[in-house]
Amino acid sequence: MNTKNEGVISEIERYAIKDGPGIRTVVFLKGCPLKCRWCANPETQKSIYQLMYWPNRCIACKQCILECPNNALSWGNPGIQICRADCASCGACTQICNSQALTMAGQHKTADEIMQIILKDLPYYQTSGGGVTFSGGEAASQGEFLCKLAKECKKHRISTCIETCGYAKWEIFCELLPYIDYFFYDLKIIDEKDHMTYTGVSNKLILDNFSRLIQAKADVTVRIPVIPGINNTQKNVEQTIRFLLEQAPGCPVSLLPYHRLGASKYDKLDMEYTLAELAPPSEKEMFQLKEQFVSFGFPVRIGE
Ligand code: SF4
Ligand code: SF4
């Protein structure tokens, strides 16, 4: 596979401690083939730049309206209204807005620029057993660029993780295999129709890639976002356990309780959040779920 030297990221987070072993730098690559209804990072779903409006920061100076070359902004209720069809994501309004009430999700970065940031924390990785985690969005949706970054990390002997939904061509995972130490692999729903309903895509490719990674002896931890009433049903739990017993008995499992931390971002992007009424699972529910997996021999962690 050819490598690509530039990609689109939403953010680089330094000193992360929940995205793999030790202290890590997390690179969030933009773009994802899934549209999970519970997604906490909706600004990473599209690979293009996206304008976000934060009304609580806005001081109503209306400078942005004058600055926009496309007349995509107007004053309404509440505050600035963005005509998404006319917005070319040029970023001029974000430059003029001193209050940072308009921000742009997305930036192009070269592999060298990202490596410069990653390498700043080399001593922390070495002393904590940490490294770099590629997340998203779906990091593998920018497969060539991801491979380039992973190879660069390995040149510097930096530990690498990927947090993946598994929906990418097998060739990408195959290329990544020698350069990724840990795969955190989402298994959301086993029933194909239900998976399509709640994520927008079939899970066939995801389940196939999972099996192939296990066969290739990759270090895989299964991550299950626990979404009440959607995938913590008895049907899905039993199907997930059965699938894992067949494909990866004894595989580590992380149960991630649903949270609403990303819900407020949807308004800022003019997107609809369809789970507004959904409450997170209780500690008791999480513990009971953990016990089910443990009883079938899976080592289980909650929340990481
Ligand atoms: S420039 Fe910023 S603070 Fe002023 S109206 Fe526009 S969004 Fe609000
Ligand atoms: S990003 Fe550019 S086109 Fe879009 S609203 Fe702002 S100034 Fe206008």
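Residues numbered from 1 in each chain as written. Chains lettered and ligands numbered in written order. Predicted model: local features only at pLDDT ≥ 70, side-chain atom pairs only at ≥ 80, totals over all residues. Heavy atoms only, no water.

> Can you help me understand the environment of K188 in this one?
Here K188 shows up in the loop between β10 (182-186) and α7 (192-199). Looking at K188, the relative accessible area reads 7%, which means it is buried. Linking K188 and L213, residues 25 residues apart in sequence, is a C-alpha distance of 17 Å. If near-sequence neighbours (up to four positions away) are discounted, K188 is found in contact with L34, C36, W38, C165, H195, T199, P225, N231 and N236. In terms of polar contacts, K188 uses its side chain to reach the side chain of D186, at 2.7 Å. (Helix = DSSP H or I, 4+ residues; strand = E, 2+ residues; numbered from the N terminus. Buried < 20%, exposed > 50% of the residue type's maximum accessible area, 1.4 Å probe, protein only. Contact = heavy atoms within 4.5 Å. Polar contact = N/O pair within 3.5 Å; in protein donor to acceptor, adjacent residues only side chain to side chain.)

> Would you explain empty space enclosed by the protein in this entry?
The method is simple in principle: a probe with the dimensions of a water molecule rolls over the atoms, and the space it marks as empty is what remains. Evaluated as defined, the whole model comprises four cavities of 30 Å³ or more. Of the volumes computed, that of the largest cavity is approximately 90 Å³. Lining the largest cavity are 14 residues, with C68, C87, A88, C90 and C93 sitting closest to its centre. Partitioning the lining of the largest cavity into residue classes produces ten nonpolar, three polar and one charged. (1 Å grid on protein atoms, 1.4 Å probe; cavity = no way out; pocket = protein on both sides within 12 Å on 5 of 7 lines; lining within 4 Å. Points joined across faces, edges and corners; volume = space filled by probe spheres on them. Nonpolar A, V, L, I, M, F, W, Y, C, P; charged D, E, K, R; others polar.)

> Whenever I open this one, the nonpolar core confuses me. Can you help?
General note: in soluble globular proteins, nonpolar side chains tend to be found buried as a group. V27, I118, F134, L244, V253, L255 and F293 are the most contacted members of the largest nonpolar core, which totals 69 residues. Per-element accounting of this core gives the leading share, six residues, to helix α5 (residues 143-155). (Core = buried A, V, L, I, M, F, W, Y, C linked by side-chain atoms within 4.5 Å.)

> Even after reading the chapter, I still don't get the domain arrangement of the protein chain, so can you show me in this structure?
When the parts of a complex come together, some accessible area is lost, and that lost area is often taken as the interface size. Domain boundaries assigned for the protein chain yield domain 1 (6-46 + 107-302) and domain 2 (50-105). If you average the C-alpha positions of domain 1 and of domain 2, the two centres end up 32 Å apart. Of the residues lining the interface, eight residues belong to domain 1; the matching set on domain 2 comes to eight residues. Summing the contributions of domain 1 and of domain 2, the shared interface buries around 780 Å²; its carbon and sulfur component is 59%. Contact with domain 2 buries surface across domain 1, with K268, L269 and D270 losing the most and accounting together for 62% of the total. Between R84 and D270 there is a salt bridge, with its nearest N and O atoms 2.9 Å apart. (Domains from an automatic or database assignment. Buried area = accessible area lost by both parts, 1.4 Å probe. Salt bridge = Lys/Arg side-chain N within 4 Å of Asp/Glu carboxyl O.)

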